[in-house]
Structure formats: structure tokens, C-alpha cells
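Report on the structure
Residue strings, one per chain:
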Amino acid sequence: MCGRFALLLSPDLLARQFELPFSTELQPRYNIAPTQAVLNVRTAPESGERELVALHWGLIPSWSKDKSGSARMINARSETAAEKPSFRTALKKRRSIIPASGFFEWKAEGKVKIPHYISRADGAALAFAALWEYWKPRDNPDAESIVSCAILTREANEFMQPLHDRMPVLLKRENFAAWLDPELQDAERIQALIADCDPAPLVAHTVSRSVNNPKNDAPDCVASTESTH
């Protein structure tokens, strides 16, 4: 799964890596948690241009009676998303990319779970495959829509297996355009993009358990606690 991540890129680097038409002010976030606003790169429904938008993390299906279950919908299993009513329309028509500098996973060591921070070995950004959806309350059709998102996950690769059996789907840069193309709705081609994951080497280090509390959003959340001796 992916339940916590960080985004520490400069605005210019974010714009270059995700081919955005502009750079914008960007505050580093060291401990992004479910139900918070997270940045998504997507194709704007109105203009068809690539844009960067903040969406609620925890997908609310358009048919939901209320938004109470969004905290349980932060991830979508890539193997079954095309079949699930909560995700299948979004997978077909509303795909996005969530930029990240790294993500967290907890490994059980005895009775204690030790948090680890996972990132690319070359320091470049990770590109999480994501889905987004509109929702508004049925009893108030004039209310403003909530736009929410979920991160697609897959079976862990060889590197991640010692830490967890799931991991985010990491897109290759050469697949960004196809992934963000709302005209691409062929199920086999979409699954091919999911399967063609970024092979860039990953690295991991242990971090402070301060990351366990989502109220903590500071550099020590990603700083290594491993001894250098």
C-alpha cells in the first residue's frame, strides 16, 4: 500500500520533470497523510492542458451517499481497479500522476514497527499512478463538488518485498502522456502502462517514529536514523 509520502521538490524541478507549463510556489511537505490535500498532475477537463491541482486524498465514488469512507479509499489495487465500481470509471477516464520525493513503509521488528523512507537512488521524483473522481452530496445538487484521488498499488518488487507486500505503481516518464490522455480508454493499453513500471533503483533508510503522527511535518520525518559507523 501507500499511506504516507513526502514531496520536497523545487517548483522548477517539479515543472521540468512533469512537463508542466509553469512552475508554482511549493512548500516542502515531509509527511503527507490520508484525507489531506495532495498535488496531482492531470489533464484539465476544461482546457485539455496539463495542470497541477490539489485534490483530497481518499477517493469518494460519485455514487456515494456521503464522504465518510474516503479515508479507506486512499489506494486502489491495480489488479482489480477496472472491475471495482469505486474505481473503474476513473481508471478509464480520469487518471492522474501524484509527484513524490519518497514514501514511507513500516516494517515489523518484534513488537515494534520501524518506519522506512523509500526514494529513487538518483534523487529524481517518483510518479505515482493515480485516479481522480468528482463527488457532491445527493441532497444538495448545488453544492460545490469535492474532487478526490487514490494511488494505484501493485505487488511489491524485489526491493520492496522485505518491507511490505504492496507498493505504489511508479510510472515511467515516457508513459506520462499516455497515462494522462483521457481519450485513451482501452483497458489493455491502460493495464500495459501499469505493468510497464519505472525500473529506476530505489533506496531506503529508517526514519524517526515522529512520522507516525501526521501532525508532524518537518525534516526529521525523512532524515535517516541509521548509524554511519
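Residues numbered from 1 in each chain as written. Predicted model: local features only at pLDDT ≥ 70, side-chain atom pairs only at ≥ 80, totals over all residues. Heavy atoms only, no water.

**Structural notes on the sheet that holds strand 12 (residues 202–206)**
Pairing is antiparallel across the open sheet formed by five strands, whose spatial order is 2-1-7-8-12. Of all the strands in the sheet, the pair left with one neighbour each is strand 2 (29–32) and strand 12. Looking at each pair of strands side by side, their axes are set apart by 30° on average, direction ignored. Two strands pair when backbone bridges link them, and strand 1 (residues 5–7) and strand 2 are joined in this way by two bridges, in the antiparallel orientation. The residue bridging Phe 5 from the neighbouring strand is Ile 32, located in strand 2. (Pairing = 2+ DSSP bridges. Helix = DSSP H or I, 4+ residues; strand = E, 2+ residues; numbered from the N terminus. Axes fitted to C-alpha atoms, helices over the stretch in contact; angles between N-to-C directions.)

**Points about the packing of aromatic side chains**
Scanning all chains against the criterion turns up seven aromatic pairs. Note on Phe 5 and Trp 57: the rings are 5.2 Å apart at their centroids and 65° apart in plane angle, and the pair reads as edge-to-face. Here Phe 5 is found in strand 1, whereas its partner Trp 57 is found in strand 4 (residues 50–57), with 52 residues between them in sequence. Since its relative accessible area comes to 0%, Trp 57 is described here as buried. Here the aromatic rings of Phe 5 and Phe 128 are separated by 5.5 Å at their centres, their planes lie at 80°, and the arrangement is edge-to-face. In this pair, Phe 5 sits in strand 1 while Phe 128 sits in strand 9 (residues 126–135), placing the two residues 123 residues apart along the sequence. The class for Phe 5 is buried, based on a relative accessible area of 1%. Cluster of aromatic residues (ring-pair linked, three or more members): Phe 5, Trp 57, Phe 103 and Phe 128. (Phe/Tyr/Trp six-rings, centres within 6.5 Å; stacked < 30°, edge-to-face > 60°. Buried < 20%, exposed > 50% of the residue type's maximum accessible area, 1.4 Å probe, protein only.)

**Comments concerning the pattern of salt bridges**
Inspection of the entire model under this criterion finds eight salt bridges. Taking the shortest distance from any N to any O, the salt bridge between Arg 166 and Glu 79 comes out at 2.9 Å. Note that Arg 166 is positioned in strand 11 (residues 166–168) and Glu 79 in the loop between strand 5 (75–77) and helix 2 (88–93), a separation of 87 residues in sequence. Each member of the salt-bridge network shares a partner with another, and the members are Glu 19, Arg 50 and Arg 173. (Salt bridge = Lys/Arg side-chain N within 4 Å of Asp/Glu carboxyl O.)

**Structural notes on the pairing of strand 3 (residues 37–43)**
Sheet faces and side chains relate simply in a regular strand, where the side chains alternate between the two faces. Within strand 3, five of the seven residues are buried, which leaves the element mostly enclosed by the surrounding structure. Bridging between strand 3 and strand 4 involves seven bridges; their strand directions are antiparallel. Along strand 4, the bridge assignment pairs Val 41 with Leu 52. The antiparallel pairing of strand 3 with strand 4 creates a hairpin that spans six residues between the two strands, and Gly 48 there sits at a positive phi of about 75°.

**Re the pairing of strand 10 (residues 146–155)**
For strand 10, the buried fraction is high: seven of the ten residues fall into the buried class. Bridge analysis of strand 4 against strand 10 gives two bridges, and the strand direction is parallel. What sits directly across from Trp 57, in strand 10, is Cys 149. The sheet contact formed by strand 5 and strand 10 spans three bridges and is parallel. When the sheet's bridge partners are listed, Asn 75 is paired in strand 10 with Ile 151. In this structure, strand 9 lies alongside strand 10, joined through six bridges in antiparallel fashion. In the strand pairing of strand 10, Leu 131 is matched with Ala 150. Where strand 10 and strand 11 come together, three bridges link them in antiparallel fashion. Bridge pairing in strand 11 links Glu 155 to Arg 166.

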